[in-house]
Amino acid sequence: MPHPPRLLVSVRNAEEAGIAAAAGADLIDFKEPLQGSLGMVEPATLRESVACLRQQFPECVISAACGEVLDWDGIAAGVLPAVQYLKLGLAGLASHSDWKVRWTKVRRTLSAGVEGSESPSWIAVAYVDNELAQSPPVEEVIAAAFETGCVGMLFDTCSKGEGRLLDYLSEERLISLTAEIQQLGLLVAAAGRLSIDDVSRVCQTGVDIIAIRSAACLDGDRGGSISSEAIERFRTAMECLVER
Ligand SMILES: O=C[C@H](O)COP(=O)(O)O
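About the thresholds
- Residues numbered from 1 in each chain as written.
- Predicted model: local features only at pLDDT ≥ 70, side-chain atom pairs only at ≥ 80, totals over all residues.
- Heavy atoms only, no water.
- UniProt positions renumbered as here; feature names shortened; annotations may be inferred.
- 1 Å grid on protein atoms, 1.4 Å probe; cavity = no way out; pocket = protein on both sides within 12 Å on 5 of 7 lines; lining within 4 Å.
- Helix = DSSP H or I, 4+ residues; strand = E, 2+ residues; numbered from the N terminus.
- Contact = heavy atoms within 4.5 Å.
- Near = heavy atom within 4 Å.
- Polar contact = N/O pair within 3.5 Å; in protein donor to acceptor, adjacent residues only side chain to side chain.
- Areas by Shrake-Rupley, 256 points an atom, 1.4 Å probe, with all protein chains shown as cover.
- Nonpolar A, V, L, I, M, F, W, Y, C, P; charged D, E, K, R; others polar.
- Buried < 20%, exposed > 50% of the residue type's maximum accessible area, 1.4 Å probe, protein only.
- Pairing = 2+ DSSP bridges.

A. Seen up close, the UniProt feature "active site" (unreviewed entry) in the chain. Sequence positions flagged by UniProt for "active site" (unreviewed entry) are, in local numbering, Lys-31 and Lys-87. On the basis of their most widely separated C-alpha atoms, the annotated residues across 57 residues gather in one place, lying no more than 10.1 Å apart. Lining of the largest cavity among the annotated residues: Lys-31 and Lys-87. Tracing the sequence through the fold places Lys-31 in the loop between strand 2 (27-30) and helix 2 (43-56). The contact partners of Lys-31, leaving out residues within four places of it in the chain, are Ser-10, Val-11, Arg-12, Ser-37, Leu-38, Gly-39, Val-41, Ala-65, Lys-87 and Arg-222.

And the structure:
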């Protein structure tokens, strides 16, 4: 197997963050799952939750979802806590020829609202169900991620219905895109209603990070509560592959 990926778990508040970190998540991603694939946690909750997590788990790598570019039309960004990575989606922008300009403009505004002096690093998000999401095609997002200084790429589904990552992106394509992106010096993360049954196939693709919300929740219900047993089971499945 290529290098073992790290596990990212998406959480909606400090309580869930503590549970996920204690259950073995390497990265904690703040996101409000009821607000869509990249739903943003309200800034005050985000600030409190990040402070609390940093106190309990100082080594934890933290990311935060910032919604979609189109969510920010005419809306001011609040003060955001300093985290390692931020993500902003491109849903609805496929037909906008100026999508890169709009994306980088919102990123700049959000970055300016981040506490502290360090600029956050951005992870670009390519929706693999781009026709449903009406977002730019995966290849265009990869090129733009590199051009505009993102440090990584996340492949994810925008729709959180039935479709999963590998329904839209074959393993072969994920392998070749991952190698291409890593050669550019960017990290690759994979998400999209991944379940324990997907672990072996996704680990073989060489991605750096496996990102989950549904599989971390009771009964796979991404809008429900996080379950420490579900995260431990997922973590164990990843570790078993490394030990083989
Ligand atoms: O960043 C990862 C997503 O939160 C994954 O969510 P999901 O497992 O429900 O597709």
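From this point on, the discussion continues.
B. Expanded view of the site of the ligand. Taken together, 14 residues lie around the ligand, and Ser-10, Lys-160, Arg-193, Ser-214 and Arg-222 are the ones closest in. Residue Lys-31 places a side-chain N or O atom 2.8 Å away from an oxygen atom belonging to the ligand. Contact with the protein chains hides 100% of the accessible area of the ligand, taken as 310 Å² for the molecule alone. Residues belonging to the shell around the ligand are distributed by class as follows: 3 nonpolar, 3 polar and 8 charged.

C. Spotlight on the pairing of strand 6 (residues 152-156). Most of strand 6 is tucked away, with 5 of its 5 residues classed as buried. Neither face of strand 6 is left uncovered, since the one carrying Gly-152, Leu-154 and Asp-156 and the one carrying Met-153 and Phe-155 both have all their residues buried. For strand 5 (residues 121-127) and strand 6, the ladder comprises 5 bridges, and the chain directions are parallel. Looking across to strand 6, one finds that Ala-126 is bridged to Phe-155. Pairing between strand 6 and strand 7 (residues 187-190): 4 bridges, direction parallel. Directly across from Gly-152, in strand 7, lies its bridge partner Leu-187.

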